[in-house]
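# Observations on chain architecture
What follows is the residue order along each chain.
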Amino acid sequence: MRIGELAQASGTTTKTLRYYEQAGLLPAPERTTTGYRDYEPATLQRLNFIRQGQAAGLTLAQIREVLHVRDAGAAPCHHVRELLDSRVHQLDRQIADLQALRENVTELRDAAAAPDPGACDPTDVCRYL
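Residues numbered from 1 in each chain as written. Predicted model: local features only at pLDDT ≥ 70, side-chain atom pairs only at ≥ 80, totals over all residues. Heavy atoms only, no water.

### A few points about the packing of aromatic side chains
Formally: What counts as a ring pair is set by centres within 6.5 Å for rings of Phe, Tyr and Trp (its six-membered ring), and what kind of pair is set by the plane angle: stacked under 30 degrees, edge-to-face over 60, tilted for all other angles. Only protein chains enter the accessibility calculation, which uses a 1.4 Å probe. A residue is then buried if its area is under 20% of the maximum for its type, exposed if over 50%, and partly exposed in between. Geometrically, a lysine NZ or arginine CZ counts as sitting over a ring once it is within 6 Å of the ring centre and also within 35 degrees of the ring normal.
Enumeration over the complete set of coordinates arrives at one aromatic pair. Ring centres of Y19 and Y20 lie 6.3 Å apart, and the angle between their planes is 55°; on these two criteria the pair is classed as tilted. The exposure class assigned to Y20 is buried, which follows from its relative accessible area of 9%. The ring of Y36 has R2 sitting right over it, with the charged end atom 4.4 Å from the ring centre.

### Looking at the packing of helix 3 (residues 43–55) against helix 4 (residues 60–71)
Condition: Throughout, an axis means a line fitted to C-alpha atoms (over the contacting stretch in the case of helices), and angles, computed between N-to-C directions, take values from 0 to 180 degrees. Here a helix means four or more residues in a row that DSSP labels H or I, a strand means two or more in a row labelled E, and each is numbered from the N terminus. Orientation categories follow fixed angle ranges, with anything under 35 degrees roughly parallel, anything over 145 roughly antiparallel, 65 to 115 roughly perpendicular, and all other angles oblique. For any helix crossing, the convention is left-handed if the near helix is rotated counterclockwise from the far helix by under a right angle, and right-handed if that rotation is clockwise. Residue contacts are counted whenever heavy atoms from the two residues lie within 4.5 Å of one another. Basically, the charged four are Asp, Glu, Lys and Arg, the nonpolar ten are Ala, Val, Leu, Ile, Met, Phe, Trp, Tyr, Cys and Pro, and anything else, Gly included, counts as polar.
It is at 10 Å that the axes of helix 3 and helix 4 come closest, and there the two elements cross at 140°. By the criterion of interaxial angle, the relationship of helix 3 to helix 4 is oblique. The way helix 3 lies across helix 4 gives a crossing that is right-handed. Side by side, helix 3 and helix 4 meet where R46, F49, I50, G53 and Q54 of the first sit next to L60, I63, V66, L67 and D71 of the second. Partitioned by chemical class, the residues of the contact of helix 3 with helix 4 number six nonpolar, two polar and two charged.

### Notes on the environment of D38
This is how the line gets drawn: Pairs of N or O atoms within 3.5 Å make up the polar contacts considered here, provided that, within protein, one atom can donate a hydrogen while the other can accept it, and that residues adjacent in sequence are counted only when both atoms are side-chain atoms.
Among the structural elements, D38 can be located in strand 2 (residues 37–38). If we ignore the near neighbours within four places in the chain, the residues touching D38 are M1, P29, E30 and T32. From its side chain, D38 meets the backbone nitrogen of M1 in a polar contact 3.1 Å long.

### Some words on the side chain of R37
Following the sequence through the fold, R37 ends up in strand 2. Within the structure, R37 has its side chain in polar contact with the side chain of E21 (distance 2.9 Å). If sequence neighbours within four positions are ignored, R37 has contacts with M1, R2, I3, R18, E21, P29, E30 and R31.

What follows is the structure, encoded as structure tokens:
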């Protein structure tokens, strides 16, 4: 299928497909006699994998690594497991950071529960921050 057809079928853009090809995520497709890219139907599965990897928070570099393992003929299951373990740890850290931030903002908001503009020092912007 041509690049426009693949873009439409995969819900992406031709620009994205060209970028993925340049970045090593998609193999260079065959060319028609008129020079148009001619993608194999299996490219849709590869694009779906890329999309799922991104939805899990993997970087394009990490996704490319997995694809290279598969393209070399090996099953990338262990590598994917390691990447997902790392991603879970990153998410746990982000959640902990967000919870701490929420506690801090809640304390600031509670301190400003009954603002008294008359008690504000005119040299400060706001005593609650």
